[in-house]
Amino acid sequence: MHVTKPSPTARERIVAGAADMISRRGLHATSIRETAKHARAPLGSTYHYFPEGKQQLATEAVRFTGAWAARGLRKELEAGPVAGLRAFLALWRAIVVDSDFRAGCPVLAVSIEEPPADETPTALAAAAGVFEEWEGLLAGSLRERGAEPEEASQIATLIVAAVEGTVAMCRAKRSTQPLDHTAAQLEALIVGAITD
C-alpha cells in the first residue's frame, strides 16, 4: 500500500513562504503581496487567512519554524544531547548551504527588528516562546543525562544563542566554518556536563 503525504493547504504554503522570506529578507522587507506571490497563492486568500495582516502572518511563520525545528530536535534528543546538538546544527547548516548563504532563521530575524514603541508585537512574543521551547528541550535532555539543573539550563541557552549567532556568521562569511567551530566547542561542553 502506498500512502502519499497530503499536499499542503494554501494557508500552510503561505505560512511556509513567509517563514522562508523572513529568513532571507527580514520582517520589515517581507510584504504580504510578495509572500502571496512566493507561495503561489492569491493575494485575497492571504488576507482571508490572515485578517490581522503582516504581524499575524509573521507570528504564524515564527511558530511554524519553531514547531518544525522542535519536532526534529525532540526526535534526535531521544538518543541524547550530543545527537540533538548535531541534528540541530545539521538543520541550520542545510538551510544556509541550500540557500547559498541567503537564508537564516526567521525566528532570529523577527527578534532583532525594532518593534513599535510601547508595544510587544505578537511575532516577537512568539519568537521568545520558540527560543524557550528549544532551550527547554535541550535542558531536559541534559538533565536526563545527569547534568545539574542550573548547568543544563545555562548550556541550553548557550546552545541556542550560539547556533543562532553562528548561522548569522555563516551568512556573512559565506562559509560553514563558524558552524564547525561552534559544533566542536558545544559538543565538548555537553560531554563535560553529562554523566553517561
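Relevant structure appears above.
Now for a description of the structure that goes with this document. (Residues numbered from 1 in each chain as written. Predicted model: local features only at pLDDT ≥ 70, side-chain atom pairs only at ≥ 80, totals over all residues. Heavy atoms only, no water.)

So, helix H4 (residues 54-77)
The terminal C-alpha atoms of H4 lie 34 Å apart, and with 24 residues this matches the ideal 34 Å at 1.5 Å per residue to within 8%. Residues of H4 that are buried include every one of Gln56, Leu57, Ala58, Thr59, Ala61, Val62, Thr65, Gly66, Ala69, Ala70, Leu73 and Leu77, and no others. Buried residues along H4 sit in contact with helix H1 (10-25), helix H2 (32-38), helix H3 (43-49), helix H5 (81-98), helix H6 (106-112) and helix H7 (122-144). (Helix = DSSP H or I, 4+ residues; strand = E, 2+ residues; numbered from the N terminus. Expected span 1.5 Å × (residues − 1). Buried < 20%, exposed > 50% of the residue type's maximum accessible area, 1.4 Å probe, protein only. Contact = heavy atoms within 4.5 Å.)

A look at the pattern of salt bridges
Opposite charge on two side chains makes pairing possible when the charged atoms of those side chains draw close. Here the structure, examined in full by the defined rule, presents 10 salt bridges. Measuring nitrogen to oxygen at the nearest pair gives 3.9 Å for the salt bridge that ties glutamate 76 to lysine 75. Judged by relative accessible area, glutamate 76 falls into the partly exposed class, the value being 30%. Arginine 86 is paired through a salt bridge with glutamate 187; the nearest N and O atoms lie 2.5 Å apart. Here the residue arginine 86 occupies a position in helix H5, and glutamate 187 occupies one in helix H9 (residues 177-193), the gap between them amounting to 101 residues. With relative accessibility at 49%, the residue arginine 86 sits in the partly exposed group. Among the residues examined, glutamate 187 registers a relative accessible area of 22% and is labelled partly exposed. (Salt bridge = Lys/Arg side-chain N within 4 Å of Asp/Glu carboxyl O.)

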